[in-house]
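The primary structure of each chain is shown beneath.
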Amino acid sequence: MTVCVIDGQGGKIGSIIIERLKERFREGVEIVALGTNSIATQAMMKARANKGASGENAIVRTVGKADIIIGTINVLMANSMLGEFTPAMAEAVASCAAKKIILPVT
């Protein structure tokens with residue numbers, strides 16, 4: 001099973017999600033950290049994601065291969081995260097077949 005965790009800006013929320021997933025599932029799932037920027041990806045990799053990638057193309061290409069996508073409501077909204085999450089990213093996440101676990105920002 002492949003779980004994609006998507007985050008932007010500093011990657012704090014994504015890092016917490018990955019830490020909790022690793023505590024629960026250990027190496028039973030492959031966790032892919034997808035950051036809108038390299039700082040977010042780096043933070044999620046420090047939380048022990050199995051793989052990581054940054055930027056629009058990485059997100060658009062990878063979410064189609066995921067079984068589960070986890071992120072805040074921002075991953076469904078074009079131009080969210082202070083403009084870091086592009087319309088192409090939001091469309092790719094919304095239209096892919098993966099199960100989506102969407103978290104409120106607050």
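Anything mentioned here points back to the structure above.
Residues numbered from 1 in each chain as written. Predicted model: local features only at pLDDT ≥ 70, side-chain atom pairs only at ≥ 80, totals over all residues. Heavy atoms only, no water.

Q: Explain the environment of V93 to me, and be specific about the residues and the numbers.
A: If you trace the backbone, V93 turns up in helix α4 (residues 87–95). Taking the C-alpha atoms as reference points, V93 and I69, 24 residues apart in sequence, are found 8.0 Å from one another. For V93, the residues in contact, after removing those within four places along its chain, are I6, V63, I69, V75, L76, F85 and K100. (Helix = DSSP H or I, 4+ residues; strand = E, 2+ residues; numbered from the N terminus. Contact = heavy atoms within 4.5 Å.)

Q: Outline unusual backbone geometry, listing residues and values.
A: Even without a glycine there, the phi angle at Q9 is positive, about 50°. Counting through the fold element by element, Q9 comes out in the loop between β1 (2–7) and α1 (12–25). Positive phi outside glycine occurs at L82, with the angle close to 60°. Looking at the element boundaries, L82 is found in the loop between β4 (68–72) and α4.

Q: How would you explain the nonpolar core if you had to name every residue and give the values?
A: In terms of nonpolar packing, the biggest core is built from 17 residues, with I6, L34, I59, V63, I69, F85 and V93 touching the most fellow members. The biggest single contributor to this core is α4, with four residues. Ignoring anything within four residues of it in the chain, the contact list for I69 reads C4, I6, V63, V93, C96, A98, K99, K100 and I101. Within the second largest apolar cluster, 13 residues are counted, among which are V3, V29, I31 and I68. (Core = buried A, V, L, I, M, F, W, Y, C linked by side-chain atoms within 4.5 Å. Buried < 20%, exposed > 50% of the residue type's maximum accessible area, 1.4 Å probe, protein only.)

Q: So what's going on with the side chain of S15? Which residues, and what values?
A: Within the secondary structure layout, S15 lies in helix α1. Since its relative accessible area comes to 10%, S15 is described here as buried. Here the side chain of S15 touches G11 through a polar contact of 2.8 Å, landing on its backbone oxygen. Leave out the neighbours within four places in its chain, and S15 touches A43, M44 and A47. (Polar contact = N/O pair within 3.5 Å; in protein donor to acceptor, adjacent residues only side chain to side chain.)

Q: Explain the sheet that holds strand β2 (residues 30–35) residue by residue, including any values.
A: Taken together, the five strands give an open sheet; going across it, the order is β3-β2-β1-β4-β5, and neighbouring strands pair in parallel fashion. The open sheet has two edge strands, β3 (51–54) and β5 (99–103), and neither has a second partner. Within the sheet, the average angular offset between the axes of one strand and its neighbour, ignoring direction, is 20°. Here three bridges tie β1 to β4, and the two strands are oriented parallel to one another. Residue pairing in the sheet places V5 in a bridge with I70 of β4. Those strands touched by α1 are β1, β2, β4 and β5, and its axis lies near 155° from that of β1. (Pairing = 2+ DSSP bridges. Axes fitted to C-alpha atoms, helices over the stretch in contact; angles between N-to-C directions.)

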